[in-house]
Amino acid sequence: MSLRRRTLIAAAPSLLAAPAFVHAQASVNPQAVEKPKLTLAVGGKNLLYYLPLTIAEQLGYFKAEGLELQIVDFAGGSQALRALVGGSADVVSGAFEHTVNMQVKGQKLRAVVLMGRAPQIVLGVNPKTMSGFKTVADLKGKKIGVTAPGSSTNVMTNFVLAKAGLKPSDVSIIGVGAGNGAVAAMRSGQIDAISNLDPVISLLLRSNDLKIVSDTRIVAESEKVFGGPMPAGCLYLAQAFIDKHPKTVQALVNAIVRADKWIQAAGPGEIIKTVPESYLLGDRAVYIDAFLAAKGALSPDGMFPEAGPETARRALASIDPEVAKATVDLKAVYTNDFVKVANAKYPKP
């Protein structure tokens, strides 16, 4: 990380001077979707975790597919999930494991396109309040900030704690969001540790306000932590919606697959010219740093790995007795069918 950061700082001026990006539009007629106006719920849209969603929106990929999307941004993924279950959203851009967890609770949700092939969540401690930190067991009795209680950042925290022999009740979980509020909570010492994502993590690292404990932005480390490929950011919907609106779902998937591929071919300069200024948290160099750290964990083509759903189930089962004792139909929580069509339609970025 340190070598990457030094290289990045040296290269930042030239990256920022990259040629202006020209928006690419598909030269195809939008398909006749069943429901062109949709509400999408997301928790922390500014995060690199959701970069494909932002790119698809900013470059007009949803519009090119005949969709008019209203994106509602919540503090965390658990709140976005509640919007879908409650009927105020049609689709969620969120963490894959919610599809597994909700099947156990009797809700038939299905992931249709992958945005992240690793969770990109970093668990780290506060050097100010935990200067003597040695192992995860030292977190007992401490305050840990997550994007929102019940979100994937909370699940990741519980998982790491469980591997160290700690229960969720051994710590205090505090929702701090996914932006400047999370940064302020760490810097002021309101929390002793944090489970969050980029650009929050890179900003805290740059100012020496974070000591990393577990980093799933690195695909190899994520697979080591979870024991296999752990699908992360994705689009998921109710199975009933998918059955009723297959062309609408295909349009959504087409847009995200295009965005996945565009990101892999793009340089940092193109990225920061495309995302909203507010996403940079006041520091372009930090956002570039964050993008380079996260790029490898973003999906190149939207495909779910076959072993991924079982990894997610196993991770949830290790911290939730209800999941552990349940019989989960893993083939019902995801599909690559729409992604295969999208890749055939858009073979290149």
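This text goes with the structure placed above it.
Quick summary incoming for the structure in this document. All figures in this text were calculated on a predicted structure; none of them were measured in a lab. Every chain's residues receive numbers from 1 upward, in the order its sequence appears when written. Reporting of local features is limited, given that this is a predicted model, to residues whose pLDDT is at least 70; pairs of side-chain atoms are given and counted only at 80 or more, and all residues count toward the totals for whole chains, interfaces and linings. Excluding hydrogens and water, the side-chain values take into account all heavy atoms of the structure.

**Thoughts on the pattern of salt bridges**
Working definition: two side chains of opposite charge can pair if their charged atoms are close together.
Right, on to step 1. The rule for a salt bridge is simple: a side-chain nitrogen of Lys or Arg has to be within 4 Å of a carboxyl oxygen of Asp or Glu. All chains considered together, the criterion is met by 13 salt bridges.
Right, on to step 2. Between R217 and D215 there is a salt bridge; the shortest N-O distance is 2.9 Å.
Right, on to step 3. Each residue's exposure class comes from its accessible area (1.4 Å probe, protein chains only) as a fraction of the maximum for that residue type: buried when under 20%, exposed when over 50%, partly exposed otherwise. Overall, the relative accessible area of 3% leaves D215 in the buried class.
Right, on to step 4. Between E277 and R284 there is a salt bridge, with its nearest N and O atoms 3.2 Å apart.
Right, on to step 5. Relative accessible area serves as the criterion here: at 36%, R284 is assigned to the partly exposed category.

**As for the nonpolar core**
Side chains of nonpolar character tend, in soluble globular proteins, to be buried together.
Right, on to step 1. The biggest cluster of nonpolar side chains holds 98 residues, and the ones touching the most others in it are L51, F96, V112, L139, V253 and Y287.
Right, on to step 2. Only DSSP runs of H or I covering at least 4 residues are called helices, and only runs of E covering at least 2 are called strands; the numbering of each starts at the N terminus. At 10 residues, the largest contribution of residues to this core is made by helix α11 (residues 246-265).
Right, on to step 3. The contact rule is simple, with two residues in contact once any of their heavy atoms fall within 4.5 Å. In this structure L139 touches V125, M130, F133, I144, L161, D170, V171 and A193, once residues within four positions along its chain are discounted.
Right, on to step 4. In this structure, V122, A182, V200 and V286 belong to the second largest nonpolar core, which totals 16 residues. Working definition of a nonpolar core: buried Ala, Val, Leu, Ile, Met, Phe, Trp, Tyr and Cys residues. They are joined through side-chain atoms within 4.5 Å.

**What to know about helix α13 (residues 284-294)**
Right, on to step 1. Judged by how many residues are buried, α13 sits mostly within the fold: eight of 11 residues are covered.
Right, on to step 2. Among all positions of α13, only V286, Y287, I288, D289, A290, F291, A293 and A294 are buried.
Right, on to step 3. Between N or O atoms, a polar contact is any pair within 3.5 Å; within protein, one atom must be a potential hydrogen donor and the other a potential acceptor, and residues adjacent in sequence are included only when both atoms are from side chains. Capping the start of α13, D283 holds a side-chain oxygen 3.1 Å from the backbone nitrogen of A285, two or three residues further along.

**As for the packing of aromatic side chains**
Right, on to step 1. Note on aromatic pairs: the rings of Phe, Tyr and Trp (six-membered ring only in Trp) are paired at centre separations within 6.5 Å, and the planes decide the class, stacked below 30 degrees, edge-to-face beyond 60, tilted for the rest. With the rule as written, the count across this model stands at four aromatic pairs.
Right, on to step 2. Relative to Y50, the ring of Y49 lies with its centre 4.9 Å away and its plane at 80 degrees, an arrangement referred to as edge-to-face. Note on accessibility: Y49 and Y50 belong to one class, buried.
Right, on to step 3. Three or more aromatic residues joined by ring pairs make a cluster, and in this case those are F96, F304 and Y334.
Right, on to step 4. In this analysis the charged atom, NZ for Lys or CZ for Arg, is taken to sit over a ring once it is within 6 Å of the ring centre and within 35 degrees of the ring normal. Note that R258 overlies the ring of Y61, its terminal NZ or CZ placed 3.9 Å from the centroid.
Right, on to step 5. For R258, the ring lying beneath its charged end belongs to Y346, and the centroid distance is 4.8 Å.

**Some thoughts on the sheet that holds strand β7 (residues 172-175)**
Right, on to step 1. Two strands form a pair only when DSSP identifies at least two bridges running between them. Pairing in this open sheet of five strands is mixed, and the strands run β7-β6-β8-β5-β9 from one edge to the other. Two strands bound the open sheet, and with one partner strand each, they are β7 and β9 (211-215). Taking each pair of neighbouring strands and ignoring which way they run, the sheet shows an average axis angle of 25 degrees.
Right, on to step 2. Note: strand β6 (residues 143-146) against strand β8 (residues 193-196), two bridges, orientation parallel. Within β8, the residue paired with G145 across the bridge is I194. Between N-to-C directions, angles cover 0 to 180 degrees, with each direction set by a line fitted to C-alpha atoms, over the stretch in contact for helices.

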